[in-house]
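Structure assessment
For reference, the chains in residue letters:
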Amino acid sequence: MSTFYVKPGISEKRKEYYGRLNKKNTAPLWEVLGKLVTPYPQPECVPALWKYSDVRPLLLESGDLITAQEAERRVMVLENPAMRGLSQITHSLYSGVQLVQPGEIAPSHRHAASALRFVLESSGAYTAVDGERTTMEPGDFILTPSWTFHDHGNPGDRPAIWLDGLDVPIVNMFGTSFAEHYPGETQEVTKSEGDAEARYGSNLLPVEYKPERPSAPVFNYRYSKSREALEQVRKNGPIDPSHGFKLQYINPATGGPPMPTIGAFLQLLPSGFTTRAYRSTDSTVFCPTEGTGRSTIGGQVFEWGKHDVFVVPSWCTVSHSADSADVVLFSFSDRPGQKSLGLWREESVEE
């Protein structure tokens, strides 16, 4: 594809002129236009894979080095190799793998950034949001919406580990970060477990419901129910050539995304199935929760298994292949934010 704009040559007279502009905190657009307005997305982030077998022992080691109270949140940040030091997995999203040891509590706080949790390991651990605790089971998708107090606890006898996804880079890009601690270590529990699901997650809403925030009022999407839905979709067909059987998590009160900036998805790839190559403008983080396979991302092949994490940059061609067993892929991206601004695109790619 041809470049949108070719930078003009530079002469001594122009160089002298640019020097005078610089002293006045100004600059010539024509010198940088080609970098600012590109003919197609040119993200700095690159395709990358984090093996759970590498990350997990390092995360567990941190449990012996720093307490949950000292760390605030004991997390291994997944930094994109092309963006080290920025705590970003894509341009717009942060991601990490968090640990809460048996008997520990991650203190209650809140922040402007919206967060999601995809549970990898848990035997009775919980997250508390806005006065309600929910038990975390492997494969559950859990929200902590913007400016809601949340804490985590693990009364079980095994480590609890989950994948975090936050819109911290978006919040910081706007210069709108706020955060504060709850007065105590944990927030007061004012609702019984399952209250939010009963009120908002059963195709029912309280009479004259008025949303308090743009995020979904239900905050735990149980894997057991989501997995069952995928199986029903598989039985009824048809299969999408680019995505297999793919569903998006929604705000049950609006039908929109669960959070205004972050979307999340769950897809089933039948045994031996290979998707048609496609690309989209939302850089996407994937985490397999069942099965093994591989993804070809921009010509590179990445072999993955359960709980590995990999990222597909914006407008990078990708296809997925399942091995001999069915595969279930969880993923999240900034698609809702892009859609709200009219920026999102997706297309199949002929190979």
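Scroll up for the structure.
Given the structure is predicted, the values throughout are model-derived calculations rather than measurements. (Residues numbered from 1 in each chain as written. Predicted model: local features only at pLDDT ≥ 70, side-chain atom pairs only at ≥ 80, totals over all residues. Heavy atoms only, no water.)

1. Comments concerning the pairing of strand β6 (residues 126–129)
Side-chain positions along a regular strand alternate between the two faces of the sheet. We count it as follows: Only protein chains enter the area calculation, which uses a 1.4 Å probe; residues under 20% of their type maximum are buried, those over 50% are exposed, and those in between are partly exposed. For helices the rule is a DSSP run of H or I covering at least 4 residues; for strands it is a run of E covering at least 2, with both sets numbered from the N terminus onward. Two strands qualify as a pair provided that DSSP identifies no fewer than 2 bridges between them.
Taking every second residue as pointing to the same face, both faces of β6 are buried, with Y126 and A128 on one and T127 and V129 on the other. Judged from the 4 bridges that link them, β6 and strand β7 (residues 132–135) form a sheet pairing that is antiparallel. Bridging from a neighbouring strand, Y126 pairs with T135 of β7. Taking the residues that link successive antiparallel strands as the turn, the β6-β7 hairpin has 2 residues, and the phi of D130 there is positive, at about 50°. Examined bridge by bridge, β6 and strand β9 (residues 150–153) share 4 bridges and lie antiparallel to one another. Note that in β9 the partner of Y126 across the bridge is G153.

2. Some thoughts on the pairing of strand β19 (residues 309–312)
The side-chain alternation of β19 yields two buried faces, one formed by V309 and V311 and the other by F310 and V312. Sheet topology places strand β1 (residues 48–50) next to β19; 3 bridges connect them, and they run antiparallel. For A48, the partnering residue across the bridge sits in β19 and is V311. Sheet analysis places strand β16 (residues 284–290) next to β19, joined by 3 bridges and oriented antiparallel. The partner of F286 across the bridge, within β19, is F310.

3. Some thoughts on the packing of aromatic side chains
How we decide: Planes of paired rings set the category: under 30 degrees apart is stacked, over 60 is edge-to-face and the rest tilted, where pairs are Phe, Tyr or Trp rings (Trp by its six-membered ring) whose centres lie within 6.5 Å.
Evaluated as defined, the whole model comprises 13 aromatic pairs. Centre to centre, the rings of Y17 and Y18 are 6.0 Å apart; their planes meet at 50°, and the pair counts as tilted. On the accessibility criterion, Y17 (33% relative accessible area) is partly exposed. Residue Y18 is classed as buried on the basis of its relative accessible area of 13%. Ring centres of F141 and Y221 lie 5.2 Å apart, and the angle between their planes is 40°; this geometry places the pair in the tilted category. In this pair, F141 sits in strand β8 (residues 141–144) while Y221 sits in strand β12 (residues 220–221), placing the two residues 80 residues apart along the sequence.

4. Comments concerning a nonpolar patch on the surface
The test is simple: Put simply, a patch holds well-exposed residues, over 30% relative accessible area, that have no salt bridge, with like charges counted together within 9 Å and Val, Leu, Ile, Met, Phe, Trp or Tyr side chains within 5 Å. Accessibility throughout is a Shrake-Rupley quantity obtained with a 1.4 Å probe, and a residue counts as covered only by protein chains that appear here. Salt bridge, as used here: a side-chain nitrogen of Lys or Arg that lies within 4 Å of a carboxyl oxygen of Asp or Glu.
There is a patch of nonpolar side chains on the surface, built from F4, Y17, L29, W30, V32, L36 and V37 and spanning about 650 Å² of accessible area. You can see L29 is positioned in the loop between α1 (12–23) and α2 (33–36).

5. Comments concerning the nonpolar core
Applied cut-off: Grouping buried Ala, Val, Leu, Ile, Met, Phe, Trp, Tyr and Cys residues that are joined through side-chain atoms within 4.5 Å yields what is termed a nonpolar core. Whether two residues touch is decided by their heavy atoms; if any such pair falls within 4.5 Å, the residues are in contact.
One finds F330 and F332 to be the most contacted residues of the largest nonpolar core, which totals 40 residues. Those residues in contact with F330 that lie beyond four places of it in its chain are L116, F118, F141, Y249, A264, F265, L266, V285, F286 and C287. Listed in part, the 14 residues of the second largest apolar core include L269, F286, F302 and V327.

Nothing here speaks to function; it is geometry throughout.
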